[in-house]
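# Topology and contacts: notes
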Amino acid sequence: MKIIKANVLGYCMGVRRAVDKALAAAKNPLGKKVFTAGPLIHNPRVVECLQKQGIDILDDENIPETLEGSAVIIRAHGISPQLEASLKQKQADIIDATCPKVKANQLKARQFSEKGYAVFLAGEKHHGEIVGLMGYCPGCIVAENADEATRLAEALYQKKPESACVLIGQTTVSKEEYDAVGREIQSFFPHLIIVDAICNATTERQEALRRLCREADAVLIAGSKGSANTKRLLRIAQDMGNPAWLVEGKDDVPVEIRKYETVGISAGASTPEEVIEEIEEALGQ
Ligand code: SF4
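The structure displayed is predicted, hence computed values, not measured ones. Here the residue numbering is sequential within each chain, running from 1 through the sequence in written order. Where local features are concerned, this predicted model is filtered to residues with pLDDT of at least 70; where side-chain atom pairs are given and counted, the filter is 80 or more; whole-chain, interface and lining totals use all residues. For side-chain calculations, the full set of non-hydrogen atoms in the structure is used, while hydrogens and water are omitted.

### Overview of the side chain of Ser-163
With respect to the helices, strands and loops of the structure, Ser-163 is situated in the loop between α6 (146-159) and β8 (165-169). Any residue under 20% of the maximum accessible area for its type is buried, any over 50% is exposed, and the rest in between are partly exposed; the area is computed with a 1.4 Å probe on protein chains only. By relative accessible area, Ser-163 is classed as buried at 17%. Of the polar contacts made by the side chain of Ser-163, one reaches the backbone oxygen of Lys-160; its length is 2.7 Å. Apart from the residues within four sequence positions on either side, Ser-163 is in contact with Ala-118, Leu-156 and Phe-189. Comment: elements are numbered from the N terminus, with helices defined as DSSP H or I runs of at least four residues and strands as E runs of at least two. Polar contact is the term for a pair of N or O atoms within 3.5 Å; when the atoms are in protein, one must be able to donate a hydrogen and the other to accept it, and sequence-neighboring residues count only if both atoms are side-chain atoms. Whether two residues are in contact is decided by their heavy atoms, any of which lying within 4.5 Å being enough.

See the structure below:
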């Protein structure tokens with residue numbers, strides 16, 4: 001069997017940076033108890049590995065009365081400024097691993113909101129990144145897709161037709177979806193400002209996978225079933241007509257894969273290198 005890997009796969013810059021910060025904190029030079037504000041990334045193996053090194057998850061809903069003597073790592077997709085302030089008020093030291101691209105969107109959301117703009121956010125309402133971003137622009141309007149954007153823009157137009165509007169997005173939203181949301185809002189507010197909010201890490205992995213699918217007979221996508229960008233890679237491979245499986249580790253590698261001559265491997269942005277290597281080795285056996 002020939003194994004080929006996508007030329008862009010696995011950890012993106014923001015996730016690698018957050019994991020490195022957590023591993024450095026795990027060495028615990030200050031002797032503090034270390035937490036992450038929610039799971040650091042969408043990969044249970046990484047979360048478990050951090051827990052073994054003494055880093056526990058702080059549940060947003062259930063923060064202790066005091067965090068004196070503790071450090072809290074903010075994950076790559078950020079948290080709201082209100083939650084950050086409450087952690088500081090409880091005397092936690094903050095280790096900010098918010099991805100710089102997410103941080104840039106948060107600061108733009110705040111600037112526009114303070115100038116009185118109606119801020120539209122394109123993305124998933126319950127995703128941690130959008131939940132965090134919403135805290136930077138109180139009263140913002142979240143649209144998960146173009147249809148919702150039409151309804152929400154129309155409702156705003158009926159109430160406040162003179163609104164100055166801006167669109168910001170979740171970094172991982174697809175360009176097509178972001179453009180479609182923008183077009184719908186522009187049909188009511190032609191002067192809409194569209195912030196360049198999308199991160200190309202996602203698109204790069206998707207494009208590399210499409211190239212891989214053209215060369216491979218079947219594809220394995222390494223990563224967690226809980227990771228949205230990993231699941232999206234699986235759908236892309238399937239849409240390209242390749243037999244494809246999402247595998248969390250070597251035990252998930254399907255036996256049928258052995259009947260294909262060329263097998264491609266890609267991986268989501270939260271998949272560590274060791275998982276990719278483990279799958280490669282399992283295929284080689
Ligand atoms: S996908 Fe992009 S924005 Fe999100 S953490 Fe990775 S590098 Fe940062």
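### A short note on the packing of aromatic side chains
When two rings of Phe, Tyr or Trp (its six-membered ring) have centres within 6.5 Å they constitute a pair, described as stacked for plane angles under 30 degrees, edge-to-face for angles over 60, and tilted for the intermediate range. Across all of its chains, the model carries 4 aromatic pairs by this definition. Aromatic pair Tyr-157 and Phe-189: ring centres 5.8 Å apart, planes at 70°, arrangement edge-to-face. Remark: Phe-189 occurs in the loop between α7 (175-186) and β9 (193-194) and Tyr-157 occurs in helix α6; sequence separation between them is 32 residues. Residue Tyr-157 is classed as partly exposed on the basis of its relative accessible area of 37%. Looking at Phe-189, the relative accessible area reads 4%, which means it is buried. What links up through ring pairs into an aromatic cluster is the set Tyr-157, Phe-188 and Phe-189. Our definition puts a charge over a ring when NZ of Lys or CZ of Arg is within 6 Å of the ring centre and also within 35 degrees of the ring normal. Sitting above the plane of the Phe-35 ring, Lys-33 keeps its charged end 5.5 Å from the centroid.

### Regarding the pairing of strand β12 (residues 262-267)
When you tally the buried positions in β12, you get 6 out of 6 residues, the bulk of the element. Judged by which residues are buried, β12 turns out to be covered on both faces: Thr-262, Gly-264 and Ser-266 on one side and Val-263, Ile-265 and Ala-267 on the other are all buried. The pairing criterion is simple: DSSP has to find at least two bridges between the two strands. Taken together, the 4 bridges between strand β1 (residues 2-5) and β12 define a ladder with parallel strand orientation. Across the sheet, residue Lys-2 finds its bridge partner in β12, namely Thr-262.

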